Every structure is written in C-alpha cells, then in structure tokens.
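Chains, contacts and geometry: an overview
What follows is the residue order along each chain.
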Amino acid sequence: MPESFTFPLSEFYLHAKLPLPGIEAIPGAAVPEPFKSLLVHSKDMTPTLEAFHQSRIHLEIIKSDHRGSFYFREVILRLDHDEKPVEFGANKVFLGAFPEEAQELILLEQVPLGTILRDCGIKHKTEAKHFLRIQPDALIQKALEIETPVVLYGRKAVISDLHGHPLSEIVEILPPAVT
C-alpha cells in the first residue's frame, strides 16, 4: 500500500497528538512561481535552495527519533549567512541503505541530507511524488517564522539508490517569502 502524501510529516503530528494542518495534493502545473521552479523537478532540495539563495544551508533539528534501521527527523533548513529559514521538512531515512560515513553524518544532526548525499558521493535519484498546497498551523508558522498564515507550497519526494531502493522519504515545505 503506498504511503500517504503527508508521510512522514503525518508521523510527527500523530506522535505529538496534533491534527495535521490542511494539506492537499495538487498537480505540478498548479504550483505558482517561484515555488514551481524550486519544487517541480527531480533534483535534491538542498543544492536547489543553495543555488537559489546563493548561500550554504545548515540544519536545525526540531525533533528526531531513531527506530531500528530508520531515522526520522523534523527539521528547518536555514541559510548560513543570516539564519533565515528556507524549508521546513519531515524526513524518514533508511539508515541501513547508507555507507557508514554517511550514517554517522546523518546521526550527528548538523548537515542536510542533500549535502551528505553530495559530499559522500552517494549515487541516487530524487523523485517528486506529490506537490502540496498547505494551510500552515502554529508549528509550521513558527518553524518558518511566519506571523500571518498564508498558503504554502511543498512536495513529497522519495530519494532512492540507483537500484530503486529507498534512501529517504521527505515532505518539504517552503516559506512564503522566497526572495
């Protein structure tokens, strides 16, 4: 049975006993610019956002949970130069599918997964499975430093090795002020 388009974000909300915010799957063609250029592609988000913002990005962990060979984390990606949040995300990582060096970096909780994939030379493919329109709740507003709720856009993506084995499932949500 395929996973929901909100998983693994839905997993964090379930554990926190919070209702999931309004999230609907929409066609890629319905995603407005500049979000369409940032979301509707088969590339990793970290390098895409670094190129767009012309800044390196680092990770801030909101919550993480290590369950056997799976590692879940709810994160904010922030620009190195001014700490501005450029993505809120929830990630399920299949730790056993990564080489030991990458596993250690993932568990250190300091570097975005896209950077680890690049720096460790891990051959992979990223597939955007769903594009999302989100009515943010207080948690997402706080993470993205939004004062007034506005419609946000994101995607559910799966990162796999070249044999099609999953490395990660991720929901990625962008802030409204993409500049």
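In this report, the structure presented in the accompanying data block is examined. (Residues numbered from 1 in each chain as written. Predicted model: local features only at pLDDT ≥ 70, side-chain atom pairs only at ≥ 80, totals over all residues. Heavy atoms only, no water.)

1. Some remarks on the nonpolar core
- L9, F88, I134, I140, L144, L152 and I173 are the most contacted members of the largest nonpolar core, which totals 18 residues.
- For this core, the secondary-structure elements that each account for two or more residues are α1 (9–15), β3 (70–79), β4 (85–94), β5 (125–135), α6 (138–143) and β7 (166–174).
- Tallying contributions element by element places α1 first for this core, with 3 residues.
- Discounting residues that sit within four places of it in the chain, I134 has contacts with G22, I23, I140, V150, V151, L152, Y153, G154 and I173.
- Counting 17 residues, the second largest nonpolar core, distinct from the first, contains L38, V75, L77 and L79. (Core = buried A, V, L, I, M, F, W, Y, C linked by side-chain atoms within 4.5 Å. Buried < 20%, exposed > 50% of the residue type's maximum accessible area, 1.4 Å probe, protein only. Helix = DSSP H or I, 4+ residues; strand = E, 2+ residues; numbered from the N terminus. Contact = heavy atoms within 4.5 Å.)

2. Brief notes about helix α3 (residues 45–53)
- Taken residue by residue, α3 has M45, T46, T48, L49, E50 and H53 as its buried positions.
- Looking one or two residues past α3, Q54 carries a phi angle of roughly 55°, positive in sign.

3. A short note on the sheet that holds β4
- Judged by pairing direction, the sheet is antiparallel, and its 7 strands sit side by side in the order β1-β5-β6-β7-β4-β3-β2 without closing on themselves. Bordering the open sheet on either side are β1 (22–26) and β2 (57–67), each of which pairs with just one other strand. Ignoring which end each strand starts from, the neighbouring axes of this sheet average 25° apart.
- Relative to strand β6 (residues 152–160), β5 runs antiparallel, the two being bridged by 9 bridges. Looking at β6, one finds that F131 is bridged to R155.
- Along the sheet, α3 makes contact with β2, β3, β4, β6 and β7, crossing β4 at roughly 165°. (Pairing = 2+ DSSP bridges. Axes fitted to C-alpha atoms, helices over the stretch in contact; angles between N-to-C directions.)

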